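For reference, the chains in residue letters:
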Amino acid sequence: MKILILGMDGYIGWSLALRQLRLGNEVCGVDNFSRRKAVEEMGSWSAVPILPMQKRLEILKKEHGGKVSFHEGDLVDQKFTDDVIKTFKPDTIVHLAEQPSAPYSMIDQNHAVYTQSNNVVGTLNVLYSQKNHVPRAHLIKLGTMGEYGYGNDIDITEGFMEIEFRGKKTVIPYPRMAGSWYHWSKVHDSNNIMFACKLWNLTSTDIMQGIVYGTRIREMEDEPKMTRFDFDEVFGTVINRYCSQAVIGHPLTVYGQGGQTRGFLALEDSIQCITILINNPPDPGEYRVVNQFDEQYRVSELADRVKRIGDKKGLGVEIKRVENPRLEKEEHYYKADHEHLKKLGFKPTRHIDDEINIMLDDLAVFKERIQAKKDSIIKIVRWNDGLKQSMASPAVSYKT
Ligand code: USQ
């Protein structure tokens, strides 16, 4: 199978490329290296050192020869996107190439506009090129559980819900109530993809993915094959941050009351899910939505788990409640369906405690790198006030 991975240099993109090549598929990657530049803009770097793409490709080519190729470029550039899709003619397009950080999108107007134009325009270009050159391909697009929002008083379904209104029944998209400019960009993408499928009979799976954590998947036995791992306030996600903080003796930063509940999934299982979706496309012309997470936890409970496991390793972990810079509910109802992937064969392989254990050991090796950029752990991007420290334009230039 020919698989186009948009965003191949990223946390999930690189991991997915390793897995698909091992499975014998042909992989073409695309990236504009915006993640590397934006993390640098935040005064940080990946805790796990990652090689430049040219070196990463040399490693892959040694093992997989001509089955891997790569193009540097930006999906916002219509001609670039069109040329890649027209030339490679993928069976499956996995689109991970977006600005993925909620705090980054809340820094100021420039970062909000960059996030939404980059994400929405890039996806629109992919949809047009899919229609023009590979209308029978399967587009797998990374959305987020955050599209539904976290203040719902009712259960969350997978994409759609049946309602009864004034005596009549119908099926409608589940209401989206996102909580950042970033999360809204994913909602706008979902609407555009749903419309494109209807308009042009395209086939797509929109993944509502929870928070992914972990340092490695089984293909990453050697250090040069490991994926990036962010721990700064803006690009690091909660468990990954807690583990990085634990290894350098920084208190774990629980925002507010810590009752924020989210769905979580280990990196290994995220890659398993995307692989299942690649192998099981929906019917031609279908727009399918799957909720992709395994278990749900409160962020304070996660801190307790990291402390318990870290303390057994002699880390003496401290937990600190810090003022929540975000506008979000700190205690809320949360019950979301996640049955589609299980029906397709997904079986979680990782327990969170085992994974935290592995992460703490892996990160201990790179303790000095985390220590060197420890100022990036707390920058304080306030949802209603942005980042006080003056910021220039986003590190990656954007065209409108
Ligand atoms: N949080 C803390 N302490 C920290 C960092 C975060 O308590 O040091 C809390 C936040 O307040 C929030 C929760 O942890 O309530 C999750 O924050 P996060 O930074 O781990 O995740 P989030 O901003 O929601 O975004 C991440 C990814 C994004 C993905 C999303 C999935 O960056 O790409 O879409 O997770 S989800 O959260 O399900 O929407």
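Residues numbered from 1 in each chain as written. Predicted model: local features only at pLDDT ≥ 70, side-chain atom pairs only at ≥ 80, totals over all residues. Heavy atoms only, no water.

Q: How should I be thinking about the side chain of Q99 in this particular structure?
A: Mapped onto the elements, Q99 comes out in the loop between strand 4 (92–95) and helix 5 (102–105). A distance of 2.7 Å separates the side chain of Q99 from the backbone nitrogen of S101, its partner in a polar contact. Of the polar contacts made by the side chain of Q99, one reaches the side chain of T115; its length is 3.0 Å. Excluding anything up to four places from it in sequence, Q99 contacts Y104, S105, Y114, T115, N118, N119, Y182 and F235. (Helix = DSSP H or I, 4+ residues; strand = E, 2+ residues; numbered from the N terminus. Polar contact = N/O pair within 3.5 Å; in protein donor to acceptor, adjacent residues only side chain to side chain. Contact = heavy atoms within 4.5 Å.)

Q: Sorry, what's going on with unusual backbone geometry here?
A: Residue K89 is not a glycine yet carries a positive backbone phi of 50°. Looking at where K89 falls in the secondary structure, it is placed in the loop between helix 4 (78–88) and strand 4. When its relative accessible area of 42% is taken as the criterion, K89 is described as partly exposed. Even without being glycine, I380 reaches a positive phi, approximately 70°. Tracing the backbone through its elements, the reader meets I380 in the loop between helix 13 (367–372) and strand 15 (381–382). (Buried < 20%, exposed > 50% of the residue type's maximum accessible area, 1.4 Å probe, protein only.)

Q: Teacher, can you tell me more about the packing of aromatic side chains here?
A: Between two aromatic rings, the relevant description is the distance of the centres plus the angle of the planes. With the rule as written, the count across this model stands at eight aromatic pairs. Where F160 meets Y287, the ring centres are 6.2 Å apart and the plane angle is 85°; that geometry is what we call edge-to-face. Placement of F160 in strand 6 (residues 160–165) and of Y287 in strand 12 (residues 287–292) is noted, with a sequence separation of 127 residues between them. Chaining the aromatic ring pairs together yields one cluster made of Y104, Y114 and F235. The positively charged end of R56 is found above the aromatic ring belonging to W14, 4.1 Å away from the centroid. The residue whose ring lies beneath K373 is W45, and the NZ or CZ to ring-centre distance is 4.6 Å. (Phe/Tyr/Trp six-rings, centres within 6.5 Å; stacked < 30°, edge-to-face > 60°. Lys NZ or Arg CZ within 6 Å of the ring centre and 35° of its normal.)

Q: What exactly am I supposed to notice about the sheet that holds strand 9 (residues 211–213) here?
A: The pairing of strands in a sheet happens through backbone hydrogen bonds and is either parallel or antiparallel. The mixed open sheet is built from three strands, whose spatial order is 9-11-13. Only two strands of the sheet have a single partner each, and these edge strands are strand 9 and strand 13 (295–298). Sheet twist, expressed as the mean angle between neighbouring strand axes with direction ignored, is 45°. Pairing between strand 11 (residues 261–266) and strand 13: four bridges, direction antiparallel. When the bridges of strand 13 are listed, G263 appears paired with Q296. Most of the contacts of helix 10 (residues 299–312) go to strand 13, to which it runs at about 90°, and overall it touches strand 11 and strand 13. (Pairing = 2+ DSSP bridges. Axes fitted to C-alpha atoms, helices over the stretch in contact; angles between N-to-C directions.)

Q: What is the right way to read the sheet that holds strand 3 (residues 68–72) from this model?
A: Spatially, the seven strands line up as an open sheet ordered 3-2-1-4-5-8-12, and their pairing is parallel. At either end of the open sheet lies a strand with only one pairing partner, and these are strand 3 and strand 12. Neighbour-to-neighbour, the strand axes of the sheet open up by a mean angle of 20°, direction not taken into account. Here strand 4 pairs with strand 5 (residues 138–144) via four bridges, running parallel. Residue pairing across strands places I93 opposite L139, the latter belonging to strand 5.

Q: Before we go on, may I ask you to explain empty space enclosed by the protein in this structure?
A: To locate leftover empty space, one rolls a probe as large as a water molecule over the atoms. As enumerated under the stated definition, the model contains one cavity of 30 Å³ or more in all. As a volume, the largest cavity reaches approximately 30 Å³. Counting residues per element, the ones that place at least two in the lining of the largest cavity are strand 11 and strand 13. Across the lining of the largest cavity, the residue classes break down as five nonpolar, no polar and two charged. (1 Å grid on protein atoms, 1.4 Å probe; cavity = no way out; pocket = protein on both sides within 12 Å on 5 of 7 lines; lining within 4 Å. Points joined across faces, edges and corners; volume = space filled by probe spheres on them. Nonpolar A, V, L, I, M, F, W, Y, C, P; charged D, E, K, R; others polar.)

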